[in-house]
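Structural description and commentary
Spelled out, the chains give:
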Amino acid sequence: MGSASKQSNKAQGNKPSGKQASNDRRARIAELRAAEQRRDRRNKIVAGSVAGVLVIAAIATGTWIVVDANKDKKDKAAAAAAPIDGVQTFGDLSRNHVKEKVTYPQTPPVGGDHNAIWLDCMGTVYDQPVENERAVHSLEHGAVWVTYNGKATPEDVKTLSDKVKATPYSLMSPYPDEQGTITLNAWSTQLVVDSASDPRVNQFFTKYVQGKQTQEPGASCSMGQM
């Protein structure tokens, strides 16, 4: 009996008390919370670092975009100011609206009295000759009018058509009676070239689509009529 009692007391002595178990639980909880807080701090540091990198990248990208846009603007301004070899200008031309046909001194015409209704010129390609008086009105609005005769190759016509279709405030039509193979027309301005691959074609578009020669800046180039 004495021996059994001692073994029982010894077993009870090895078992932690309720107070000790409670303390152990609190310590474990505190340890888990501390670990969680450390993880939170690490995550915040990582998130902050990533955000910082993204902000720097955004600033750098934004700066590059602004610089690139400014450069593009300056390049376009320089191109618009540069003279183009072979361009003819014809001074001040009349701008009256008339109903009758007009005899123009240039072929194709580049200004003068014209019909009160313009041609659609938002990148419009016509496969038939158009009315001079309406085309001239489109030039008044700042359009570039591309014309060509039978000397132009199919490749020329395709290249010019693609260019016009991609360019608001431009139009294109055949003009059998013109002397030059391809003629680029803006208000009071004209250039004759032999091929659509001539670099002056792009220069003319850059300089004269809604260029300084435009008589009515911002006027519509849509809702016109043939």
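Everything below is about the structure shown above.
Residues numbered from 1 in each chain as written. Predicted model: local features only at pLDDT ≥ 70, side-chain atom pairs only at ≥ 80, totals over all residues. Heavy atoms only, no water.

**Concerning unusual backbone geometry**
Condition: Each helix is a run of H or I in the DSSP string that is no shorter than four residues. Each strand is a run of E no shorter than two, and both are numbered from the N terminus.
Cis geometry marks the peptide bond from T107 to P108, where omega comes out at -5°. Residue placement: P108 occurs in the loop between β1 (88–89) and β2 (122–125). The residue S188 is not glycine, and still its phi comes out positive at about 60°. Along the chain, S188 turns up in the loop between β5 (182–186) and β6 (189–193). Its identity is not glycine, yet M223 carries a phi of approximately 65°, on the positive side.

**Re the nonpolar core**
Which entries qualify depends on this criterion: Side-chain atoms within 4.5 Å are what join buried Ala, Val, Leu, Ile, Met, Phe, Trp, Tyr and Cys residues into a set we call a nonpolar core. Exposed residues in this analysis have more than 50% of their type's maximum accessible area, buried residues have under 20%, and partly exposed residues fall in between, with area computed by a 1.4 Å probe over protein chains only. In what follows, residue pairs with any heavy atoms lying within 4.5 Å of each other are defined as contacts.
Ranked by size, the top nonpolar core spans 35 residues in total, and within it V146, I182, L184, F204 and F205 carry the most contacts. Of all the elements in the fold, those that place two or more residues in this core are α3 (132–140), β3 (144–148), α4 (154–165), β4 (170–174), β5, β6 and α5 (200–208). Among all residues touching L184, those that are not within four sequence positions of it are W145, V146, T189, Q190, L191, R200, V201, F204 and F205.

**Describing the state of the cysteines**
What counts here: Cysteine sulfurs are considered disulfide-paired once they come within 2.5 Å of each other.
Scanning the entire structure with this criterion turns up one disulfide. Residue pairing for C121: its cysteine sulfur links by disulfide to C221, the two sulfurs lying 1.6 Å apart. Judged by the torsion about the S-S bond (-100°), the C121/C221 disulfide is left-handed. With C121 in the loop between β1 and β2 and C221 in the segment after α5, the pair connects residues that are 100 residues apart, well separated along the chain. Owing to a relative accessible area of 0%, C121 belongs among the buried residues under this scheme. Take C221: its relative accessible area is 1%, and that puts it in the buried class.

**Some details on α4**
Worth spelling out the cut-off: Here a helix's expected span is defined as the number of its residues, less one, multiplied by 1.5 Å.
Taking 1.5 Å per residue as the helical rise, α4 with its twelve residues ought to reach 16 Å, and the 16 Å between its terminal C-alpha atoms agrees with that figure. At its buried positions, α4 is contacted by β2, β3, β4, β5 and α5.

**Quick notes on the layout of surface pockets**
Quick note on the threshold: Only protein atoms enter the calculation, which uses a 1 Å grid: trapped sets of points that fit a 1.4 Å probe without letting it out are cavities, open sets showing protein on both sides within 12 Å along at least five of seven lines are pockets, and any residue with an atom within 4 Å of a point is a lining residue. Grid points are joined across faces, edges and corners, and a volume is the space filled by probe spheres set on the points. When residue character is reported, Ala, Val, Leu, Ile, Met, Phe, Trp, Tyr, Cys and Pro are called nonpolar, Asp, Glu, Lys and Arg charged, and the others, Gly included, polar.
Space inside the largest pocket adds up to approximately 210 Å³. No other element matches helix α2 (residues 18–81), which puts four residues into the lining of the largest pocket. Along the lines of polarity and charge, the residues of the lining of the largest pocket split into four nonpolar, four polar and three charged.

**A few points about the pattern of salt bridges**
Condition: Should a side-chain nitrogen of Lys or Arg be within 4 Å of a carboxyl oxygen of Asp or Glu, the pair is scored as a salt bridge.
Counting across every chain of the model gives seven salt bridges. The salt bridge involving E140 is made with R95; its shortest N-O contact spans 2.8 Å. With E140 in helix α3 and R95 in the loop between β1 and β2, this residue pair connects regions lying 45 residues apart in the sequence. Judged by its relative accessible area of 1%, E140 falls in the buried class. Judged by relative accessible area, which is 33%, R95 ranks as partly exposed. The shortest N-O distance in the salt bridge between E133 and K101 comes to 3.6 Å. Here K101 lies in the loop between β1 and β2 and E133 lies in helix α3, a separation of 32 residues in the sequence. Via salt bridges that share partners, K101, E131, E133 and R134 belong to a single interconnected network.

**Observations regarding the sheet that holds β3**
Here is the rule we go by: By definition, two strands form a pair when at least two bridges between them are found by DSSP.
Ordered by their spatial adjacency, six strands build an open sheet running β1-β6-β5-β3-β4-β2, and the pairing between neighbours is mixed. Among the strands making up the open sheet, the edge pair consists of β1 and β2. In terms of strand pairing, β3 meets β5 through four bridges, oriented antiparallel. Paired with W145 across the bridge in β5 is N185.

**Considering the environment of K207**
Residue placement: K207 occurs in helix α5. Assessed through its relative accessible area of 16%, K207 is described here as buried. As for K207 and A79, which are separated by 128 residues in sequence, their C-alpha atoms are 6.6 Å apart. Among all residues touching K207, those that are not within four sequence positions of it are A79, A80, A81, A82, I84 and Q213.

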